[in-house]
Amino acid sequence: MSTEETTPSNFIRTIINDDLESGRFAGPIHTRFPPEPNGYLHIGHAKSICLNFGLAQDYPGGLANLRFDDTNPLKEEQEYIDAIIEDVRWLGFDWGDRLFYASDYFPKLYQYALKLIENGVAYVDDLTADEIREYRGTLTKPGKNSPYRDRTTAENLDLFHRMKVGEFKDGSRVLRAKIDMASPNINMRDPVLYRILHATHQRTGDDWCIYPMYDWAHGQSDSIEGITHSICTLEFEDHRPLYDWFIEQIGIFHPRQIEFARLSLTYTLMSKRKLLRLVQDGHVTGWDDPRMPTLSGFRRLGYTPQSIRTFADRIGVAKSNSTIDFSVLEHAIREDLNEHAPRAMAVLQPLKLVVENYPEEMVEEFEVKTHPQDRDDTETRVVPFSREIYIEQDDFMEDAPKKFFRLAPGREVRLMGAYYVTCNEVIKDDQGNVVELRCSYDPESRGGQSPDGRKVKGTLHWVSAKHAVAAEVRLYQPLFTKENPEDVEDGQDFTSNLNPNSIEVLPACMLEPSLAEAVPGRGYQFMRQGYFCLDSVDSTPEKLVFNRTVSLRDTWAKVNTK
């Protein structure tokens, strides 16, 4: 059954619809997300997760598996498996009882390999890795046959068994498919199926000392699980003939492989190997550093599952690679938080303001809307007001130009939801820095409106000094200074483009009291500042730490730039 009427179509859905109409597969569609547990998932993986699980959700009876392609014990860890499971669940997807591992299929894959040997299309090769690479040839030069290519079936079966039981050293022998060393597709030039590796596997322990290569395990795992549509990124297009060859030689169920363009974002790396280097070399604090493009990093930064899914939806799927501007992702989270995030006032760079004509011991409470963007939402919060408050340093200018509508000597502004105040005196320290403002307020302007109808152009957020909650706030910028982090001079690598100003820590921020109850995972709009969330790692009740998820647009900054 087609879903074209309710879901935007793309070339993958068109292929699936055609397959369903033609009866190519007997049952409903069945997809899978097959990560290698050798790192944390990044935003590129999110596109694949949303695509595979989303397709299964959109078609009646559709299923999606989560399968770990755990074929390399040297690079795989349980930490990565746990993190991947958490990330996929966080995005809102469920695989039911269909959590699988390629290692589940090691015995069957071994039997498949024996069948290839028995059919004369696989052989044990004694060439070294460097020699195999040399014999393979190039894109313009055909390869040449290994001198061990014509071993007898009996000899190959014997050697492969001895490989399995641990008789040989690592790297001394491999099992290769016997296809065509002159093939224009270099993947078809007798690819390696198994290598000897005396390493403990996180799930199978020391049961195996030969491990299947990714290309050998991947397609057969799809077949074993009954995957109808194997959705892969474009780099696997040249591998498809090899996967087809394997399945035809073994004679097993044949999934349909479809390739789509992987995600590329400006200012972002998508290589797990390079992201691991950032972690290991201390350029970031870990895989979940809010500057990292990992899902755990985005989650800690304050991104929501819905924003990631919306982003994946909007960029769609294509057949050719392209680069998406990072602002498209930021738009998705800004849009989500604008609708759902409660509002609060926070002063990030405090400047004390004393309302001289306000009673010293008096405290008023102002009831303000928590979601002013939603006219139907009646939720409110109480904000205390007292004689001494904090405003932003940037909201005051001693010698203000005409279009600066914030506070200046002799100028009146509105304190958001409270009163009109006028600056009467500026207090400076010995270095000439402004440290305090002396102001007067209009008691008749309570709630931020004047009964005489006079207007003020500036509205400032504020926090009562005696009620303020202290916090550290971290402002993040892109981790790299160039749109393409790998655009480097000769002799350099991507680390030369690291942004030395990717994080700014503001240690002495003042927040309204309601933010003392903030919880990780919930976004807040700091009014006139941006969207923020409580840091899930470093924040404690004694020392609150907030991360800026995404900024708001600053009208004055635009004017000032012009």
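Read on for a plain summary of the structure. This is a predicted model, so every value here is computed, not measured.

**Let's talk about the sheet that holds strand 5 (residues 174-177)**
For step 1, the next point in the chain: Taken together, the 4 strands give an open sheet; going across it, the order is 4-5-6-7, and neighbouring strands pair in antiparallel fashion. Of all the strands in the sheet, the pair left with one neighbour each is strand 4 (122-125) and strand 7 (210-212). Put simply, the sheet's adjacent strands are angled 20 degrees from each other on average, direction ignored.
For step 2, the next point in the chain: Contacts between helix 4 (residues 106-118) and the sheet are confined to strand 4, strand 5, strand 6 (192-196) and strand 7, with strand 6 contributing the most and set at about 120 degrees to the helix.
For step 3, the next point in the chain: Sheet contacts for helix 6 (residues 153-164): strand 4, strand 5, strand 6 and strand 7; angle to strand 4, the most-contacted strand, approximately 60 degrees.

**Digging into the pattern of salt bridges**
For step 1, the next point in the chain: All told, the structure shown has 42 salt bridges when counted by the stated rule.
For step 2, the next point in the chain: Put simply, Asp535 and Arg300 hold a salt bridge, and the shortest N to O gap is 2.8 Å. Taken as a pair, Asp535 in the loop between strand 24 (530-534) and strand 25 (544-551) and Arg300 in helix 10 (residues 295-301) lie far apart in primary sequence, 235 residues in all.
For step 3, the next point in the chain: Among the ionic pairs, Glu472 bridges to Arg474, the shortest N-O distance being 2.8 Å.
For step 4, the next point in the chain: Overall, Glu472 belongs to the buried group, its relative accessible area being 9%.

**A closer look at the side chain of Ser502**
For step 1, the next point in the chain: Residue placement: Ser502 occurs in the loop between strand 21 (469-476) and strand 22 (503-511).
For step 2, the next point in the chain: Look at Ser502 and you get buried, because its relative accessible area is 2%.
For step 3, the next point in the chain: Within the local environment of Ser502, its side chain forms a polar contact with the side chain of Arg291, the two groups lying 2.9 Å apart.

**Let's talk about the packing of helix 4 against helix 7 (residues 214-224)**
For step 1, the next point in the chain: Relative orientation of the contacting elements helix 4 and helix 7 amounts to 110 degrees, with a least axis distance of 11 Å. Comparing their axes, helix 7 and helix 4 come out roughly perpendicular. Every pair of crossing elements has a handedness; the one defined by helix 4 and helix 7 is right-handed. Contacts from Lys108, Leu109, Tyr112, Ala113 and Leu116 in helix 4 reach Trp216, Ala217, Gln220 and Ile224 in helix 7.

**A word on helix 4**
For step 1, the next point in the chain: For helix 4, spanning 13 residues, the distance from its first C-alpha to its last is 18 Å, which sits close to the expected 18 Å at 1.5 Å a residue.
For step 2, the next point in the chain: Remark: Gly120 follows helix 4 within two positions and exhibits a positive phi of approximately 75 degrees.

**Section: the side chain of His229**
For step 1, the next point in the chain: By the secondary structure assignment, His229 is in strand 8 (residues 229-233).
For step 2, the next point in the chain: Judged by its relative accessible area of 1%, His229 is buried.
For step 3, the next point in the chain: With residues up to four places along the chain from it excluded, the contact list for His229 reads Ile16, Asp19, Phe25, Ile29, His30, Thr31, Arg256 and Ile258.

Thresholds applied
- Residues numbered from 1 in each chain as written.
- Predicted model: local features only at pLDDT ≥ 70, side-chain atom pairs only at ≥ 80, totals over all residues.
- Heavy atoms only, no water.
- Pairing = 2+ DSSP bridges.
- Helix = DSSP H or I, 4+ residues; strand = E, 2+ residues; numbered from the N terminus.
- Axes fitted to C-alpha atoms, helices over the stretch in contact; angles between N-to-C directions.
- Contact = heavy atoms within 4.5 Å.
- Salt bridge = Lys/Arg side-chain N within 4 Å of Asp/Glu carboxyl O.
- Buried < 20%, exposed > 50% of the residue type's maximum accessible area, 1.4 Å probe, protein only.
- Polar contact = N/O pair within 3.5 Å; in protein donor to acceptor, adjacent residues only side chain to side chain.
- Parallel < 35°, antiparallel > 145°, perpendicular 65-115°, else oblique.
- Left-handed = near helix turned anticlockwise from the far one by under 90°.
- Expected span 1.5 Å × (residues − 1).

Don't take any of this as a statement about function, it's just geometry.
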